[in-house]
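Chain by chain, the residues:
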Amino acid sequence: MNLTEHFTLEELIASQTAARHGFDNTPGAQEVASLTRLCEQILEPARLALGPLHISSGYRAPNVNAAVGGSKSSAHMKGFAADVIPLQVSKRDFALWVIRNCEFDQVIFEFGSFPDHPSWIHVSAEPRNRKEVLRTVKGGGYAPVNL
Ligand SMILES: [Zn+2]
């Protein structure tokens, strides 16, 4: 089922962790609506501008989120967030494009090294759209960044 032209519900709920543990990672109607907004607001415009994007994690049921060590209040559990690895541009350039062109709640440079080689970019779309730009900090937590 396509949420937008280039994104399917299946790729936004796929989870190796859920498969490994036998967890059901099926979202409810509200989470599907939120995933659709995420695609419309961030993922599809970025895909059209920057080429294909790999979604390493989108929706996570609460037990899936716990199994991957996600934050207890993770936006992934509400269908607000996706972790993205762009295939044709750098992760930094993807993040900068979203920051400059999209309404968003958070863009987070996750792990790896900041700013050029994060492991992935977390993006989220919420009703509040705070436009926070953060990076993960060694040892835990997040810090605001200026680019
Ligand atoms: Zn994430």
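Our subject is the structure that appears above.
Definitions and cut-offs
- Starting from 1, residues in each chain are numbered consecutively following that chain's sequence as written.
- The predicted nature of this model means local features are confined to residues of pLDDT at least 70 and side-chain atom pairs, given and counted, to a pLDDT of 80 or more, with totals for whole chains, interfaces and linings taken over all residues.
- The side-chain values count all of the structure's non-hydrogen atoms but skip hydrogen atoms and water molecules.
- All axes are obtained by fitting lines to C-alpha atoms, using only the stretch in contact for helices, and the reported angles, taken between N-to-C directions, cover 0 to 180 degrees.
- Only DSSP runs of H or I covering at least 4 residues are called helices, and only runs of E covering at least 2 are called strands; the numbering of each starts at the N terminus.
- Orientation categories follow fixed angle ranges, with anything under 35 degrees roughly parallel, anything over 145 roughly antiparallel, 65 to 115 roughly perpendicular, and all other angles oblique.
- Working rule for handedness: look at the near helix, and if it is turned counterclockwise from the far one by less than a right angle, call the crossing left-handed; if clockwise, right-handed.
- Whether two residues are in contact is decided by their heavy atoms: any pair within 4.5 Å suffices.
- Residue polarity is assigned by list, with Asp, Glu, Lys and Arg as charged and Ala, Val, Leu, Ile, Met, Phe, Trp, Tyr, Cys and Pro as nonpolar; anything else, Gly included, falls into the polar class.
- Centres within 6.5 Å make a pair out of two Phe, Tyr or Trp rings, where for Trp the six-membered ring is used; the pair is then stacked when the planes are under 30 degrees apart, edge-to-face when over 60, and tilted otherwise.
- Whether a residue is buried, partly exposed or exposed follows from its accessible area with a 1.4 Å probe, protein chains only, as a fraction of its type maximum: under 20%, in between, or over 50%, in that order.
- Whether a charge lies above a ring is judged from NZ of Lys or CZ of Arg, which has to be within 6 Å of the ring centre and within 35 degrees of the ring normal.
- Metal donors were taken as nitrogen, oxygen and sulfur atoms no farther than 2.8 Å from the ion, or 3.2 Å where the ion is Na, K or Ca. Water is excluded, so coordination may look unfinished.
- Expected span of a helix, by definition, is 1.5 Å for each gap between consecutive residues, and there is one gap fewer than residues.
- The seven residues ending at a residue and the seven starting there each receive a fitted axis; the angle between those axes is the bend at that residue.
- Only strands that DSSP links by at least two bridges are regarded as paired with each other.

A. Quick peek at the packing of helix H3 (residues 29–50) against helix H5 (residues 91–101). At their nearest, the axes of H3 and H5 sit 10 Å apart, and the two run at 120° to each other. Considering the angle they form, H3 stands oblique to H5. In the crossing of H3 with H5, the sense of the turn from one axis to the other is right-handed. For the pair formed by H3 and H5, the contact residues are Ile42, Pro45, Ala46, Ala49 and Leu50 on the first element and Phe94, Trp97 and Val98 on the second. In terms of residue class, the contact of H3 with H5 is built from eight nonpolar, no polar and no charged.

B. Fine view of the packing of aromatic side chains. In this structure the tally under the stated criterion is two aromatic pairs. On the basis of an interplanar angle of 80° and a centroid distance of 5.0 Å, the ring pair of Phe109 and Phe114 is categorised as edge-to-face. Judged by relative accessible area, Phe114 falls into the partly exposed class, the value being 35%. Between Phe111 and Trp120, the ring centres sit 5.6 Å apart and the planes meet at 55°, which makes this aromatic pair tilted. A cation over a ring is seen here: Arg135 above Phe114, with NZ or CZ 5.6 Å from the ring centre.

C. Quick peek at the coordination of the zinc ion. All of the protein donors around the zinc ion are His76 (NE2), Asp83 (OD) and His122 (ND1); their distances to the metal are 2.0 to 2.1 Å. All donors of the zinc ion come from a single chain, and their spacing in sequence reads H-x6-D-x38-H.

D. Region of the structure containing H3. Between its first and last C-alpha, H3 extends 29 Å over 22 residues, near the 32 Å set by a 1.5 Å rise per residue. In the structure, H3 departs most strongly from a straight axis at Cys39, where the bend amounts to approximately 45°. Looking only at H3, the buried set comprises Val32, Ser34, Leu35, Thr36, Leu38, Cys39, Gln41, Ile42, Leu43, Glu44, Ala46 and Leu50. Downstream of H3 by one or two residues, Gly51 has phi in the positive range, about 90°.

E. Focus on the sheet that holds strand S3 (residues 53–57). Here we have six strands laid out as an open sheet, ordered S3-S4-S6-S5-S7-S8, and mixed in their pairing. What marks the edges here is a single partner per strand, and that holds for S3 and strand S8 (142–144). Sheet twist, expressed as the average angle between the axes of neighbouring strands with direction ignored, equals 30°. With four bridges connecting them, strand S4 (residues 81–86) and strand S6 (residues 120–124) associate as antiparallel partners. Following the sheet pairing, Ala81 is matched in S6 by Ser124. Helix-sheet contacts for H3 involve S3, S4 and S6, and the interaxial angle to S6 is about 140°.

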